[in-house]
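Here is what each chain is made of, one letter per residue.
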Amino acid sequence: DSVNRIYELSPSFYFNNRRDMITLAISHENSNARLNRHSFEARHYSISYFKRILKDMEFFARYRYADREFDTKPLLYTKDRKDTRHSFYAVLSRNFLKYYFASLYYNYISNDSNADLYDFDRNIYGLSVGIKF
């Protein structure tokens, strides 16, 4: 029964015969969970860049900032929870053999919270291979 609503405005700007694209985004998120300590209001701000490198290779990068204000205190805490999150995501993708692709990606997330339990820094690396239909 949880409800999550996100309202987003994100204009995109194309350059170099559509080989480069910059997108700015601002959004408002309202998450109503069953437990109030998991419900929050958030604002997100991001900028992303997309580049078609070769006929069959692409690069994408995004920086995103978010701040969240939770409706109530976390369990066993005395003050309201507020988080700020910085994240950076980059992926290099290449098509091969007509219908296949491989992507190498990196994601860094830093979450700062006034409730120490929710402070973390995370580095994620990945390789994915797939089929396009």
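Everything numeric in this text was worked out from a predicted model, so none of it was measured. (Residues numbered from 1 in each chain as written. Predicted model: local features only at pLDDT ≥ 70, side-chain atom pairs only at ≥ 80, totals over all residues. Heavy atoms only, no water.)

Examining the overall build of the protein chain
For step 1, the next point in the chain: Broken down by element type, the protein chain carries zero helices and eight strands.
For step 2, the next point in the chain: Shown N-terminal to C-terminal, the secondary structure of the protein chain runs as helices and strands in the order β-β-β-β-β-β-β-β.
For step 3, the next point in the chain: The C-alpha radius of gyration of the protein chain comes to 18 Å, more than 25% above the 14 Å expected for a compact globule of 133 residues.
For step 4, the next point in the chain: Counting only C-alpha atoms, the protein chain reaches 55 × 30 × 30 Å along its principal axes.
For step 5, the next point in the chain: When the 133 residues of the protein chain are sorted by exposure, 26% land in the buried category.
For step 6, the next point in the chain: Intrachain contacts of the protein chain at a sequence separation of at least 6 include 42% that bridge at least 24 residues.
For step 7, the next point in the chain: When the accessible surface of the protein chain is totalled, it reaches about 9300 Å², and 57% of it is carbon and sulfur. (Helix = DSSP H or I, 4+ residues; strand = E, 2+ residues; numbered from the N terminus. Rg over C-alpha atoms; globule rule 2.2 N^0.38 Å. Buried < 20%, exposed > 50% of the residue type's maximum accessible area, 1.4 Å probe, protein only. Contact = heavy atoms within 4.5 Å. Areas by Shrake-Rupley, 256 points an atom, 1.4 Å probe, with all protein chains shown as cover.)

Some remarks on a negative patch on the surface
For step 1, the next point in the chain: Taken together, the side chains of Asp112, Asp116, Asp119 and Asp121 define an acidic patch exposed on the protein surface.
For step 2, the next point in the chain: Along the chain, the position of Asp119 falls in the loop between strand 7 (100-113) and strand 8 (120-131).
For step 3, the next point in the chain: Given the relative accessible area of 35%, Asp119 is considered partly exposed. (Patch = residues over 30% accessible without salt bridge, like charges linked within 9 Å, V, L, I, M, F, W, Y side chains within 5 Å. Salt bridge = Lys/Arg side-chain N within 4 Å of Asp/Glu carboxyl O. Lys, Arg positive; Asp, Glu negative; His and termini not counted. Charge placed at Lys NZ, Arg CZ, Asp CG, Glu CD.)

Considerations on the packing of aromatic side chains
For step 1, the next point in the chain: Per the stated rule, a full pass over the model turns up six aromatic pairs.
For step 2, the next point in the chain: Seen from their ring centres, Tyr89 and Tyr105 are 6.3 Å apart, and the 35° between their planes marks the pair as tilted. With a gap of 16 residues between them, Tyr89 in strand 6 (residues 82-96) and Tyr105 in strand 7 connect regions that are remote in the sequence.
For step 3, the next point in the chain: Relative accessible area serves as the criterion here: at 23%, Tyr89 is assigned to the partly exposed category.
For step 4, the next point in the chain: On the basis of an interplanar angle of 40° and a centroid distance of 5.1 Å, the ring pair of Tyr106 and Tyr125 is categorised as tilted. Residue Tyr106 is found in strand 7, and its partner Tyr125 is found in strand 8; the two are separated by 19 residues along the sequence.
For step 5, the next point in the chain: Given a relative accessible area of 63%, Tyr125 falls into the exposed group.
For step 6, the next point in the chain: Chaining the aromatic ring pairs together yields one cluster made of Phe60, Tyr89 and Tyr105.
For step 7, the next point in the chain: Between Arg81 and the ring centre of Tyr118, over which it is positioned, the NZ or CZ distance is 3.5 Å. (Phe/Tyr/Trp six-rings, centres within 6.5 Å; stacked < 30°, edge-to-face > 60°. Lys NZ or Arg CZ within 6 Å of the ring centre and 35° of its normal.)

Some words on the environment of Met57
For step 1, the next point in the chain: Secondary-structure assignment places Met57 in strand 5 (residues 57-70).
For step 2, the next point in the chain: A relative accessible area of 16% places Met57 in the buried class.
For step 3, the next point in the chain: With 44 residues separating them in the primary sequence, Met57 and Phe101 have C-alpha atoms 9.3 Å apart.

As for the pattern of salt bridges
For step 1, the next point in the chain: The tally for this structure, following the rule as stated, stands at six salt bridges.
For step 2, the next point in the chain: A salt bridge links Glu69 to Arg43, with the shortest nitrogen-to-oxygen separation between them at 3.3 Å. Taken as a pair, Glu69 in strand 5 and Arg43 in strand 4 (residues 40-54) lie far apart in primary sequence, 26 residues in all.
For step 3, the next point in the chain: Exposure remark for Glu69: the relative accessible area of 39% places this residue in the partly exposed category.
For step 4, the next point in the chain: Its relative accessible area of 23% is what places Arg43 among the partly exposed residues.
For step 5, the next point in the chain: Ionic pairing is found between Arg52 and Glu58, a salt bridge with its closest N-O pair at 2.7 Å.
For step 6, the next point in the chain: Classification of Glu58 by relative accessible area gives partly exposed; the value is 24%.
For step 7, the next point in the chain: One salt-bridge network, held together by shared partners, links Arg43, Asp67 and Glu69.

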